Every structure is written in structure tokens, then in C-alpha cells.
Amino acid sequence: MKTRAAVLRKAGTPWEVTELDLDEPKANEVLVRMEAAGLCHSDEHIRARGAGRLPMVGGHEGAGVVVQAGPGVTRVKVGDRVSCSYIPVCGRCRYCSTGKQNLCDAGKWAGVGCLRDETFRFHSKGEDFGGMCVVGAFSEYSVLSEYSCVKVEDYVPLEVAALVSCGVTTGFCSAVYAGDVRPGDVVVIFGTGGVGMNAVQGARYAGARHVLAIDPNEWKQHQALEFGATHAFGDPEKARDVLVDLTRGQLADTVICTVGEMSNEVLAAAVGMTGKGGTTVVTAVGGYDMSLERGGGLTGYHRRIQGSLFGGANPLHDIPMILSLWHEGHIRLPELITKRYALAEINEGYKDLMEGRNIRGVIVHQH
Ligand SMILES: NC(=O)c1ccc[n+]([C@@H]2O[C@H](COP(=O)([O-])OP(=O)(O)OC[C@H]3O[C@@H](n4cnc5c(N)ncnc54)[C@H](O)[C@@H]3O)[C@@H](O)[C@H]2O)c1
Ligand SMILES: [Zn+2]
Ligand SMILES: [Zn+2]
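Since the structure is predicted, the reported quantities are computational estimates derived from the model, not experimental observations.

K.L.:
Explain the coordination of the zinc ion (ligand 2) here, please?
P.N.:
Working reference: metal with six octahedral donors, ideal angles 90 or 180 degrees; metal with four tetrahedral donors, ideal angle 109.5 degrees. Listed as protein donors to the zinc ion (ligand 2) are C40 (SG), H60 (NE2) and C166 (SG); their distances from the metal cover 2.0 to 2.3 Å. If you list the donors of the zinc ion (ligand 2) from N- to C-terminus, the spacing comes out as C-x19-H-x105-C. Placement of C40 in the loop between β3 (29-38) and α1 (41-49) and of C166 in the loop between α2 (158-163) and α3 (167-178) is noted, with a sequence separation of 126 residues between them. A relative accessible area of 5% means that C166 is categorised as buried.

K.L.:
What am I meant to see in the pattern of salt bridges here?
P.N.:
Side-chain pairs of opposite charge can arise whenever the charged atoms involved come near each other. Summed over all chains, the structure comprises 20 salt bridges. Close ionic contact of E61 with R360 constitutes a salt bridge, the shortest N to O distance being 3.0 Å. In this pair, E61 is assigned in the loop between β4 (56-57) and β5 (62-69) and R360 in strand β18 (residues 360-364), connecting sequence segments 299 residues apart. Note on R360: relative accessible area 4%, which makes it buried. Measuring nitrogen to oxygen at the nearest pair gives 2.9 Å for the salt bridge that ties R357 to D352. Accessibility expressed as a relative area gives 40% for R357, which makes it partly exposed.

K.L.:
It is not clear to me how the domain arrangement of the protein chain should be interpreted in this structure. Could you clarify?
P.N.:
Split by domain assignment, the protein chain resolves into domain 1 (2-165 + 332-364) and domain 2 (171-309). Taking only C-alpha atoms, the centre of domain 1 and the centre of domain 2 are 29 Å apart. Counting from both sides, the interface comprises 17 residues of domain 1 and, opposite them, 17 residues of domain 2. Three residues, H45, R332 and I359, lead the burial of domain 1 against domain 2; their summed loss comes to 39% of the area buried on that side. The closest approach of N and O atoms between R49 and E261, which form a salt bridge, is 3.0 Å. Our count for the contact surface shared by domain 1 and domain 2 stands at six residue pairs in polar contact (both at pLDDT 80 or more). Tallying contributions element by element places α1 first for the side of domain 1 that touches domain 2, with three residues.

K.L.:
Honestly, the site of ligand 1 in this entry has me stumped. Any pointers?
P.N.:
Around ligand 1 there are 28 residues in total, and H41, Y86, D215, G260 and S308 lie nearest to it. At 3.1 Å, a side-chain N or O of K220 approaches an oxygen atom of ligand 1. For ligand 1, the protein covers 86% of the area, taking 860 Å² as the surface of the free molecule. No other element matches the three residues that α1 contributes to the shell around ligand 1. By residue class, the composition of the shell around ligand 1 is 13 nonpolar, twelve polar and three charged. Lining the shell around ligand 1 are residues from two domains, each supplying at least three of them: domain 1 (2-165 + 332-364) and domain 2 (171-309).

Definitions and limits used
- Residues numbered from 1 in each chain as written.
- Chains lettered and ligands numbered in written order.
- Predicted model: local features only at pLDDT ≥ 70, side-chain atom pairs only at ≥ 80, totals over all residues.
- Heavy atoms only, no water.
- Donors = N, O, S within 2.8 Å, 3.2 Å for Na, K, Ca; no water.
- Helix = DSSP H or I, 4+ residues; strand = E, 2+ residues; numbered from the N terminus.
- Buried < 20%, exposed > 50% of the residue type's maximum accessible area, 1.4 Å probe, protein only.
- Salt bridge = Lys/Arg side-chain N within 4 Å of Asp/Glu carboxyl O.
- Domains from an automatic or database assignment.
- Contact = heavy atoms within 4.5 Å.
- Buried area = accessible area lost by both parts, 1.4 Å probe.
- Polar contact = N/O pair within 3.5 Å; in protein donor to acceptor, adjacent residues only side chain to side chain.
- Near = heavy atom within 4 Å.
- Areas by Shrake-Rupley, 256 points an atom, 1.4 Å probe, with all protein chains shown as cover.
- Nonpolar A, V, L, I, M, F, W, Y, C, P; charged D, E, K, R; others polar.

Here you go:
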């Protein structure tokens with residue numbers, strides 16, 4: 001069949017919306033009619049830097065409806081509404097079977113975008129196209145491994161199901177799992193965009209006493225207060241002064257880095273605000289120098305720098321769990337969507353993200 005998709009052929013060029021050929025699903029694969037796709041910052045990293053194999057269909061934060069199932073599919077069936085876990089989850093590898101689904105071995109081809117048999121389903125003029133994180137949500141239709149599919153209840157709008165496919169779950173779980181936030185804790189969050197805003201929600205839901213949000217964008221500071229931050233700052237120095245006052249110098253239990261682009265400056269400031277025995281969580285992507293440690297503060301304060309992939313989530317459990325938290329009124333999800341776009345407006349959507357106008361932009365596919 002034919003499908004329209006936003007593709008990247010070369011790093012540093014804009015998304016190009018084009019028509020591709022799409023194969024039928026093979027064994028253990030499904031054809032999904034994508035309904036909504038979130039504009040996560042990670043696609044922008046790929047677009048700007050071209051990490052991974054190109055050409056690639058963008059989009060790893062998506063939701064849609066299963067319209068065809070290949071042989072042997074058991075996890076979902078035709079007609080199911082699914083959120084696409086951006087890490088496929090096999091359920092039986094060493095990592096899945098020890099409660100670390102975010103590290104599933106099936107995530108091996110995320111940067112290549114091929115299916116498990118190492119072949120591709122998107123093609124154009126003899127060329128194979130991967131799908132970002134084996135999802136390819138910036139396509140009207142995509143063929144996914146059943147391992148990428150998490151069935152969602154009928155009450156969940158598919159644009160909300162798209163949000164939990166990456167950003168919401170990553171942010172929320174960066175606080176509650178990677179950051180191990182406990183009742184009464186003091187938490188600092190650097191960067192309250194689509195991911196960080198949910199670190200705010202996760203930290204509050206886990207019972208944090210104070211949640212200090214730091215973001216240079218004034219509108220995001222106001223939004224962070226709406227989503228549960230107790231304080232919001234543009235300047236990390238001011239945040240540090242208040243943190244020292246609030247904790248009598250003990251600093252934060254957990255500091256979470258969800259800035260657009262990770263840097264030495266953010267890492268140094270974040271570690272410097274982490275208290276004794278505390279955790280600095282690095283969820284943001286970008287280049288930084290791990291040799292920053294000079295004063296002995298990491299060892300002497302028994303601090304931990306914790307990398308965070310999907311926040312340490314188990315998508316098969318946590319995606320439905322977070323949707324239930326929203327359904328039962330504990331967290332806010334539709335409010336994260338600032339603007340909706342047609343597929344053809346994708347570059348405008350990313351311009352809005354990079355210029356600070358969106359918490360989350362969402363592509364609504366038109367069928
Ligand atoms: N590890 C994972 O599993 C995972 C998953 C999704 C996204 N990510 C990464 O997380 C990061 C955030 O993604 P997003 O979609 O929320 O991006 P976003 O652009 O929506 O949000 C980033 C926020 O950081 C703010 N910011 C920029 N510089 C800052 C600074 N020096 N101090 C404080 N705030 C600053 C921006 O104003 C913006 O509000 C990206 O690097 C993305 O690639 C990682
Ligand atoms: Zn993402
Ligand atoms: Zn697995």
C-alpha cells in the first residue's frame with residue numbers, strides 16, 4: 001500500500017513529506033493506522049545530527065488502530081487501539097523478565113528502524129526506510145512489531161495515548177523510578193518541556209514536599225506551577241539559593257535533567273544541587289563531559305548520577321497505569337497539548353517547539 005510520511009534523508013535538512021510504499025505485516029507484526037504523533041525533542045536531535053541510519057521515517061511517540069495482523073500475532077488484534085512503546089518489549093528476555101522492560105533486547109534496532117528480521121517495511125524507488133525507534137509515527141500507516149504495541153482502553157483519546165508513548169511516561173518515571181522520589185523529598189527539575197512537565201507531575205504524585213522547576217522560558221515556568229511545581233525559576237543560581245533555604249543547606253534528594261540539550265553546565269549545576277546520598281537523573285540527550293568530577297563531591301557525598309532511558313519504565317505496566325492515573329484525576333494529560341498540526345505542517349511544529357511555544361505539539365493524521 002501507499003502511505004504519506006515525514007522522512008529524513010540527510011542530517012540538518014528539514015522533514016520532507018513524501019509518499020512511500022509500505023509492505024504488509026510479516027509474522028508477529030501489525031499494520032497500524034496512526035492517528036496521532038507527538039513532537040518529541042528526540043526526533044529533533046536526530047534531524048539536526050542524523051544519529052542512526054538514514055533515510056528514516058520520523059516519529060516514535062504515536063498511537064493508532066491495528067488494521068491488519070500478520071501470522072502469529074497474539075498481543076493485540078485487529079480493531080485494538082494502541083499506544084506505541086518507543087522501546088519494543090518482548091516480555092521474555094533477561095531484562096523484561098527482571099522488570100527492566102525499558103532495556104529489552106528488542107530495542108536493538110531502534111536507531112536503524114528495521115523490524116526483527118532485519119528487513120524494512122517502508123520503501124521508495126528501491127531504497128529502504130527505517131522507522132524511528134521501529135515506530136515511524138510520522139507516517140499515516142506503519143508496520144510495527146507486536147512488541148511495540150500497548151493496548152489502551154476505549155476511554156483514552158488517541159492523542160492522549162500518543163503522549164504516553166514517550167514523553168509523559170519518560171518524565172513521570174524519571175521521577176518515580178530513575179529518581180526514586182519518596183514522600184517528603186525535595187526535587188529539582190531542569191527543563192519543563194514535554195518530558196520535564198511530567199517529571200514535575202511524577203514528583204508531586206510520589207509525595208515530594210517541594211518541586212523546584214528551572215526553565216529559562218517564563219511561560220513554561222508558569223505552566224510548571226500549574227502542573228504541580230511548588231517553585232519556578234529562570235535562573236539556576238536563584239533556585240539554588242531557595243533550595244539552600246528550604247533544606248537548611250541539605251540540598252535536593254533528586255535532581256532531574258530534562259532540558260532540550262544536555263550540557264556540561266546543566267550537569268555541573270544539577271550535581272551541585274544534589275544533596276548527600278541524592279540522585280542526579282540524566283534523561284536529556286546531548287553531549288557532556290563525564291570528567292567534570294574534580295572536588296570529590298560525587299564520592300564524598302555518596303551522590304549518584306543515574307542515566308534514564310524511558311525513566312526506567314516497564315511500558316506494558318506503566319503506560320496503562322499512567323493513563324489510569326489521568327482517568328482517575330491524579331495527573332493532567334490533555335493539557336500538555338499546546339497545538340495540533342497536519343502532517344504537512346511538521347516543520348512548523350518543530351519550529352514552535354524549538355522557539356519555546358509548545359509543551360507538546362501533536363500531529364493529527366488525516367485519513
Ligand atoms: N532518555 C529518554 O528516554 C528520553 C525520552 C524522551 C526525550 N528525551 C530527551 O529529553 C529532553 C527533553 O525532551 P522534551 O521533548 O521535553 O524537550 P522540550 O524542548 O519540550 O523541553 C526542553 C525544555 O528545556 C528547557 N531548557 C533549555 N535549556 C535549559 C537550561 N539550561 N536549563 C533549564 N531548562 C532549559 C527549554 O526551555 C524547554 O522548556 C531532550 O533532550 C530529549 O531528547 C529523552
Ligand atoms: Zn521521545
Ligand atoms: Zn525483552
